Amino acid sequence: MARVDRRRRFWNEPTLGWWERMYIFEIVRGLSVTGGVFMRNLWRWMTGRKGALTTYYPEERRADFARFNRGKHVLTQRPDGSPQCVACNMCATICPARCIEIEAAFDPADAAHPRSPARFEIDYSRCIFCGMCVEACPEDAIRMVQDVPDLPSTDRSRMWLDMDELLNWRPQRDVAKPYPPKPGASARGAR
Ligand code: SF4
Ligand code: SF4
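Peer 1: An account of the overall build of the protein is needed here, citing residue identities and associated values.
Peer 2: Scanning the protein for helices and strands turns up 6 helices and 5 strands. Going from N to C terminus, the protein has its helices and strands arranged as α-α-β-α-β-β-α-β-β-α-α. Across the 191 residues that make up the protein, the buried fraction comes to 14%. A sequence separation of at least 24 residues applies to 66% of the contacts in the protein between residues at least 6 apart.

Peer 1: So what's going on with the confidence of the model for the protein? Which residues, and what values?
Peer 2: Caution applies to low-pLDDT parts of the model: their predicted coordinates are not meant to be read in detail. In the predicted model, the protein carries a mean pLDDT of 81, and 76% of its residues have values of at least 70. Predicted confidence in the protein is weakest over helix 6 (residues 187–190), with a mean pLDDT of 37, and strongest over helix 3 (residues 90–94), with 97. In this model, residues 171–179 is a region of pLDDT below 50 whose contacts with residues beyond four sequence positions or in other chains number 7 contacts. Considering only residues more than four positions removed or in separate chains, one finds that residues 186–191, a stretch of pLDDT under 50, has 7 contacts.

Peer 1: Now, about the sheet that holds strand 3 (residues 115–123): what can you tell me, with residues and values included?
Peer 2: The strand order across the open sheet built from 3 strands is 2-3-5, with neighbouring strands paired in antiparallel fashion. Strands at the two margins of the open sheet, each flanked by one partner only, are strand 2 (100–106) and strand 5 (160–161). By the bridge criterion, 7 bridges tie strand 2 to strand 3 in an arrangement that is antiparallel. For I100, the partnering residue across the bridge sits in strand 3 and is I122.

Peer 1: Lay out helix 2 (residues 24–46) with the relevant residues and their values.
Peer 2: For helix 2, which comprises 23 residues, the first-to-last C-alpha distance of 32 Å matches the rise-based estimate of 33 Å (1.5 Å per residue) to within 8%. Of all the 23 residues making up helix 2, 0 are buried; the element is thus mostly uncovered. Directly after helix 2, the chain includes G48, whose backbone phi takes a positive value near 75°.

Peer 1: Can you tell me about the site of ligand 2, naming the residues and giving the values?
Peer 2: C85, C88, M90, C91 and C137 are the nearest of the 13 residues found near ligand 2. The class makeup of the residues in the shell around ligand 2 is 11 nonpolar, 1 polar and 1 charged.

Peer 1: Quick rundown of the site of ligand 1? Include the residues and the values.
Peer 2: In the vicinity of ligand 1, 13 residues are found, and the nearest of them are C95, A97, C127, C130 and C133. Looking at the shell around ligand 1 residue by residue, the classes come out as 12 nonpolar, 1 polar and no charged.

Peer 1: Would you mind going over the environment of R158 in detail, with residue names and values included?
Peer 2: Mapped onto the fold, R158 is located in the loop between strand 4 (142–145) and strand 5. Between the C-alpha atoms of R158 and Y124, which are 34 residues apart in sequence, the distance is 9.1 Å.

Peer 1: Give me the pairing of strand 1 (residues 72–75): which residues, what numbers.
Peer 2: By the alternation rule, side chains of strand 1 split into K72 and V74 and H73 and L75, which are all buried. Bridging between strand 1 and strand 4 involves 4 bridges; their strand directions are antiparallel. Bridge pairing in strand 4 places L75 opposite I142.

Peer 1: So what's going on with the nonpolar core? Which residues, and what values?
Peer 2: Within the largest apolar cluster, 17 residues are counted, with the highest numbers of intra-cluster contacts made by L75, C85, C91, C133 and I142. For this core, the secondary-structure elements that each account for two or more residues are strand 1 and strand 3. Other than its neighbours up to four places away in sequence, L75 contacts P83, C85, F120, A141, I142, M163, L166 and L167.

Peer 1: Explain unusual backbone geometry to me, using residue names and the numbers behind them.
Peer 2: The residue Y23 is not glycine, and still its phi comes out positive at about 65°. Structurally, the position occupied by Y23 is in the loop between helix 1 (18–21) and helix 2. Classification of Y23 as exposed rests on a count of 10 C-beta atoms within 10 Å.

Peer 1: Provide a residue-level description of the environment of H113, including the pertinent values.
Peer 2: Note that H113 resides in the loop between strand 2 and strand 3. With 16 C-beta atoms counted inside 10 Å, the residue H113 sits in the partly exposed group. Along the primary structure H113 and C85 are separated by 28 residues, whereas in three dimensions their C-alpha atoms are 9.2 Å apart.

Cut-offs used in this document
- Residues numbered from 1 in each chain as written.
- Chains lettered and ligands numbered in written order.
- Predicted model: local features only at pLDDT ≥ 70, side-chain atom pairs only at ≥ 80, totals over all residues.
- Helix = DSSP H or I, 4+ residues; strand = E, 2+ residues; numbered from the N terminus.
- Buried ≥ 20, exposed ≤ 12 C-beta atoms within 10 Å, placed from the backbone.
- Contact = placed C-beta atoms within 7 Å.
- pLDDT = per-residue confidence, 0-100.
- Pairing = 2+ DSSP bridges.
- Expected span 1.5 Å × (residues − 1).
- Near = placed C-beta within 6 Å.
- Nonpolar A, V, L, I, M, F, W, Y, C, P; charged D, E, K, R; others polar.
- Core = buried A, V, L, I, M, F, W, Y, C linked by C-beta atoms within 7 Å.

So, in structure tokens, the structure goes:
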């Protein structure tokens, strides 16, 4: 028996009139829209104004990120400037891209925080910005902020963010959890 393929119908399936079915008119219309935008932007550029929404990255950085933009990782700090991370490896374990590498250090003299990261690096050539590392962290030690890392490179080995860069981040507005913590604030109050 011949197999009958039932094509799935969508709520917004387009219906073409005879005008659209001719194609040539719609192609001309599309080209006129594209050409009009191109000419307008070219004219603005020639007269010293900025036309297109294009950002000339990396020379130019946009700051109008979406409210929930997750562009760059940061490691949060305790009031004394040490990383809040306890090197538990949960972020590295959950990371689907396997792009977080952590080496733990142990300090028996620090009874409150004996474990800390000696090395914490993220390979941005593989990161997919999913945010699962942030979700998995039990210490609120890693976050993603509205920023872009310095990614452009011709060498993948230069696309690693190390701990210095992850700790040295521009303070962001976070009403619920202001960072960096004020000197003298308790660790709990800073969270
Ligand atoms: S954002 Fe996703 S892919 Fe990137 S480091 Fe975190 S868990 Fe891994
Ligand atoms: S950032 Fe969080 S989840 Fe990752 S190792 Fe540090 S404490 Fe653990």
